[in-house]
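# Structural features, examined
Here is how the chains run, residue by residue.
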Amino acid sequence: MEIDTYSDFQRDLQELNSFQHFMNFKRIAQIAARPIPAYSVRKLKGRGRRFNPLQDLEENEFRHSYRYSKENMRRLIEMVRDDLEVETHSELRKNQVPVDKQIMVAVRYWGMTEHPDVTARLHGVSLRTLMKISKRVAEALAAKTSRYIRMPCLLAEKEKVTQAFYRLAHMPQVIGAVAHSRVKCKRLQHQDGDCKEDDTMHIQIVSDASLKIRDIDCRLVTLQDPATAADIFSQTRIKERFEQTEFRGRILLGDSTLHCTSFLYTPVSCAISGPEQSFNHSLRLTYEPVRQCFKLWKERFGILSCELRGSVATARHIIVGSALLHNMAIEWNDPTFAEFQNSLLGLDKSVIEDLQKSTDVRGRTEFIKNHFFVPVN
């Protein structure tokens with residue numbers, strides 16, 4: 001009886017939350033429906049106060065739409081503000097969107113919580129202006145790549161990363177896992193040499209065990225040049241760095257689409273012996289974070305699952321810019337990161353059980369350290 005009462009209470013509570021969410025959405029839609037003109041640096045008199053997400057939205061609403069808490073969004077605005085200074089020329093300032101609104105509208109557009117037309121109208125700009133703002137903000141963020149997307153450099157940092165991987169399934173000396181994905185590009189007929197129909201951006205990332213993107217490579221792949229993941233990896237800077245022994249003694253993990261090398265280990269194709277099966281089991285569990293990283297990154301920034309509009313450079317800047325926002329959320333312990341991870345990703349039950357079982361295979365640890373990492377062609 002008590003269980004039934006509790007279940008009824010839970011159902012009523014969910015219905016109440018759904019109704020409250022509907023009323024909040026209705027209020028936002030009413031704000032968006034106002035005939036708001038293009039933004040001006042000076043406040044427009046007689047038009048009423050303009051929509052300000054930091055003031056007009058509740059914290060939960062803001063997190064859902066802008067992928068950050070209000071506190072960290074203000075932090076992001078201050079970090080990028082100097083790179084998006086409003087032009088001083090009076091004619092350019094006349095219809096200039098304030099810097100803080102530029103950053104928020106770009107992040108919301110990349111999150112794809114609604115159609116881009118709705119995002120533009122809600123913030124009082126045209127769709128064309130929204131595209132320009134997205135490009136500017138992406139360029140400003142991409143300029144900070146070396147600060148937020150980098151491989152471990154110091155010995156202590158390398159040890160911290162490898163230990164985090166080791167705790168997953170006793171795979172030693174792993175400093176990163178490599179994964180690949182592709183994003184469609186919108187055809188631009190007025191720009192020669194840019195994206196054409198059916199062209200895609202190939203994305204390669206190296207992730208650590210905390211789901212942070214440590215290295216990223218974006219390049220255009222055409223129908224005339226159908227490069228595979230192995231072809232792309234062979235041309236990347238991260239491969240050169242490992243060949244130059246910059247990460248001596250450390251290794252990368254990859255899936256079956258890549259070729260096994262002295263520093264990149266992939267699953268054994270036909271694992272028959274016990275050690276080979278154990279190696280594949282350990283590799284699968286240790287490789288799981290990079291899969292989760294891609295899923296979480298794409299869930300937070302839905303634009304990565306859509307067609308990217310603009311030139312090749314703009315598409316690359318948006319990809320890198322969203323990767324920076326992903327890493328910043330991790331470094332700043334933003335609550336939205338944990339919320340997305342818990343509600344949309346998380347490890348499957350089977351994976352969690354495997355992780356727990358893997359801790360019992362302690363007798364093979366020394367064997368894995370000394371003999372297991374043998375490249376298999």
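Under an unreviewed UniProt entry, the name given to the chain is DDE Tnp4 domain-containing protein, and the source organism is Glossina austeni. Its UniProt record gives the chain a comment under Cofactor (unreviewed entry), which states: "a divalent metal cation".

Attention now moves to the sheet that holds strand β2 (residues 200-207). In spatial order, the strands read β3-β2-β1-β4-β5; together these 5 strands make up an open sheet with mixed pairing. Edge positions in the sheet fall to β3 (213-221) and β5 (264-265), since each has one partner strand and no second. Sheet topology places strand β1 (residues 174-184) next to strand β4 (residues 251-253); 3 bridges connect them, and they run parallel. In the sheet register, V174 faces β4, and the bridge partner there is I251. Lying over the sheet, helix α13 (residues 274-300) contacts β1, β2, β3, β4 and β5, oriented at roughly 45° with respect to β1. Strands in contact with helix α14 (residues 312-331) are β2 and β3; relative to β3, the strand with the most contacts, it is inclined by about 165°.

Another point: the side chain of H202. Relative to the elements of secondary structure, H202 occurs in strand β2. Here the side chain of H202 touches H180 through a polar contact of 2.8 Å, side chain to side chain. Side chain to side chain, H202 and R182 meet in a polar contact 2.9 Å long. The contact partners of H202, leaving out residues within four places of it in the chain, are H180, S181, R182, D217, C218, R219, V221, A229 and I232.

Turning to the packing of helix α10 (residues 155-169) against α13, a few remarks are in order. Look at α10 against α13: their axes get within 8 Å of each other, and the N-to-C directions meet at 130°. What the angle tells us is that α10 and α13 run oblique. The hand of the α10/α13 crossing is right-handed. Packed against α10, whose contacting residues are F165, L168 and A169, the element α13 presents S282, L285, T286 and P289 at the interface.

On to the nonpolar core, then. In terms of nonpolar packing, the biggest core is built from 92 residues, with M73, L76, W110, L141, I216, W297 and M328 touching the most fellow members. Ranked by residues supplied to this core, first place goes to α14 with 11 residues. Two domains share this core, each providing at least three of its residues, namely domain 1 (53-84 + 96-145) and domain 2 (150-347 + 355-372). In this structure M73 touches L54, F62, Y66, Y68, I103, M104 and V107, once residues within four positions along its chain are discounted.

Cut-offs used in this document
- Residues numbered from 1 in each chain as written.
- Predicted model: local features only at pLDDT ≥ 70, side-chain atom pairs only at ≥ 80, totals over all residues.
- Heavy atoms only, no water.
- UniProt positions renumbered as here; feature names shortened; annotations may be inferred.
- Pairing = 2+ DSSP bridges.
- Helix = DSSP H or I, 4+ residues; strand = E, 2+ residues; numbered from the N terminus.
- Contact = heavy atoms within 4.5 Å.
- Axes fitted to C-alpha atoms, helices over the stretch in contact; angles between N-to-C directions.
- Polar contact = N/O pair within 3.5 Å; in protein donor to acceptor, adjacent residues only side chain to side chain.
- Parallel < 35°, antiparallel > 145°, perpendicular 65-115°, else oblique.
- Left-handed = near helix turned anticlockwise from the far one by under 90°.
- Core = buried A, V, L, I, M, F, W, Y, C linked by side-chain atoms within 4.5 Å.
- Buried < 20%, exposed > 50% of the residue type's maximum accessible area, 1.4 Å probe, protein only.
- Domains from an automatic or database assignment.

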